[in-house]
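Below are the chains, spelled out letter by letter.
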Amino acid sequence: MLCVVKNTSLNGFLLSNLPALGEKDVLVLSFGAVKCVDMNAELKGESDIFSRLTTLSRDKNVTILLHSDFYAAGGVFNSAAVVDGGICGVSDEINPRSCHDPGSALRCYNTSRGRLGVLLGEDINYPELWARLAVCAPSAIFCFTKTYRAGLYSSLASLCNCGVCAVSPERSGCYSDCGVLLKSSYEDISFLPFPQGGRQPKILTKKVRTTIE
């Protein structure tokens, strides 16, 4: 199962929902759960966000994706960290159109729940980035966008032959590896099926037309 938390603080969620967390495979924290992550403060031990998430991941045997603003190297990035018993890594939005600095990290992460890819913000509008993720053959891709783009998520899932979890401030949704919507929710804390794939992505076997609406 997949638990998506948005517009609710991390502390507030843990106080009221921690007992049920053990039933979930993946915990997604986005849009207000953590206002910002200062990487320098984390490294110096002046902030304990990563430490708390690592402990939570180990204690509850849950994979965590944290989406927030990240302060690092003098810049502000729209980023997501993947935690699976430890910090697997951080992905940044590559093509921001807002106040964020451009990042360069487009990755898939090997976790106990499979290979997880991440797309952030405006990067959903670039099919060439879809293709780069598809080559990594992810089990699921997590998309964090300001507006909910149902057609794009469905096409992404179909192209990569993997599940897609889409999170926006207004709505969350999960798509199967053939692009079918499994479930969506407008709640700030929602419980969704965790979609997975594992077959070879279509982009490696035949040409697939993708459109941006």
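Bear in mind the structure is a predicted one, so any value in this text is a computation, not a measurement.

Participant: Outline the sheet that holds strand S11 (residues 172-175), listing residues and values.
Facilitator: Spatial strand order, S7-S8-S9-S10-S11-S12: six strands in an open sheet with mixed pairing. Each having just a single partner strand, strand S7 (108-111) and strand S12 (181-185) make up the two edges of the open sheet. Ignoring which end each strand starts from, the neighbouring axes of this sheet average 20° apart. In this structure, S7 lies alongside strand S8 (residues 114-120), joined through four bridges in antiparallel fashion. Counted as the bridge partner of Thr-111 is Gly-114 from S8. On top of the sheet, helix H4 (residues 127-135) reaches S7, S8 and strand S9 (140-144); it is set at about 165° to S8, its chief contact.

Participant: Mind laying out the nonpolar core, listing which residues take part and the relevant values?
Facilitator: By size, the foremost hydrophobic cluster in this structure holds 22 residues, and its most contacted members are Leu-119, Ile-124, Ile-141, Cys-143, Tyr-153, Leu-156 and Val-164. Counting only elements with at least two residues in this core, the list comes to H4, S9, helix H5 (150-160) and strand S10 (163-167). Per-element accounting of this core gives the leading share, six residues, to H5. Among the nonpolar cores identified, the runner-up in size contains 21 residues, and Leu-10, Phe-13, Ala-33 and Val-90 belong to it.

Participant: An account of the confidence of the model for the protein chain is needed here, citing residue identities and associated values.
Facilitator: For any part of a model where pLDDT is low, the fine detail of the predicted coordinates should not be relied upon. Per-chain confidence: the protein chain averages 88 in pLDDT, with 90% of residues scoring 70 or above. Contacts for the low-pLDDT stretch residues 206-213, under 50 throughout, to residues beyond four places or in other chains number twelve contacts.

Participant: Describe the pattern of salt bridges, listing the residues and the values that go with them.
Facilitator: Throughout the structure, instances matching the rule amount to three salt bridges. With its nearest N and O atoms 3.7 Å apart, the salt bridge here joins Glu-122 to Arg-97. Of this pair, Glu-122 sits in the loop between S8 and H4 while Arg-97 is found in the loop between strand S6 (87-92) and S7, placing the two residues 25 residues apart along the sequence.

Participant: Describe the packing of helix H1 (residues 10-17) against helix H3 (residues 49-60), and please don't skip the residues or the numbers.
Facilitator: It is the contact of H1 with H3, at a shortest axis distance of 13 Å, that shows an interaxial angle of 25°. Taken together, the axes of H1 and H3 lie roughly parallel to each other. The handedness of the crossing between H1 and H3 comes out as left-handed. In contact with Leu-10, Asn-11 and Leu-14 of H1, H3 contributes Arg-52, Leu-53 and Leu-56.

Criteria and cut-off values
Within each chain, residue numbers correspond to sequence positions counted from 1 in written order. Only residues with pLDDT of at least 70 get local features here, since the model is predicted, and only at 80 or more are side-chain atom pairs given and counted; chain-wide, interface and lining totals rely on the full set of residues. To obtain the side-chain values, all non-hydrogen atoms of the structure were used and water was disregarded. We call two strands paired when DSSP finds no fewer than two bridges between them. Numbering of helices and strands runs from the N terminus; a helix is a DSSP stretch of H or I covering at least four residues, while a strand is a stretch of E covering at least two. Fitted lines through C-alpha atoms give the axes, limited to the stretch in contact for helices. The angle between two N-to-C directions lies from 0 to 180 degrees. Here, two residues are considered to be in contact whenever any of their heavy atoms come within 4.5 Å of each other. Buried residues of nine kinds, namely Ala, Val, Leu, Ile, Met, Phe, Trp, Tyr and Cys, make up a nonpolar core once their side-chain atoms join them within 4.5 Å. Exposure is judged per residue with a 1.4 Å probe applied to protein chains only, and the accessible area is read against the type maximum: over 50% gives exposed, under 20% gives buried, and values in between give partly exposed. The score called pLDDT rates the predictor's confidence residue by residue, from a low of 0 to a high of 100. One side-chain nitrogen of Lys or Arg within 4 Å of one carboxyl oxygen of Asp or Glu is enough to make a salt bridge. When an angle is under 35 degrees it counts as roughly parallel; over 145 it counts as roughly antiparallel; between 65 and 115 it counts as roughly perpendicular; any other value is oblique. It is the rotation of the near helix from the far one that decides the hand of a crossing: anticlockwise by less than a right angle makes it left-handed, clockwise makes it right-handed.

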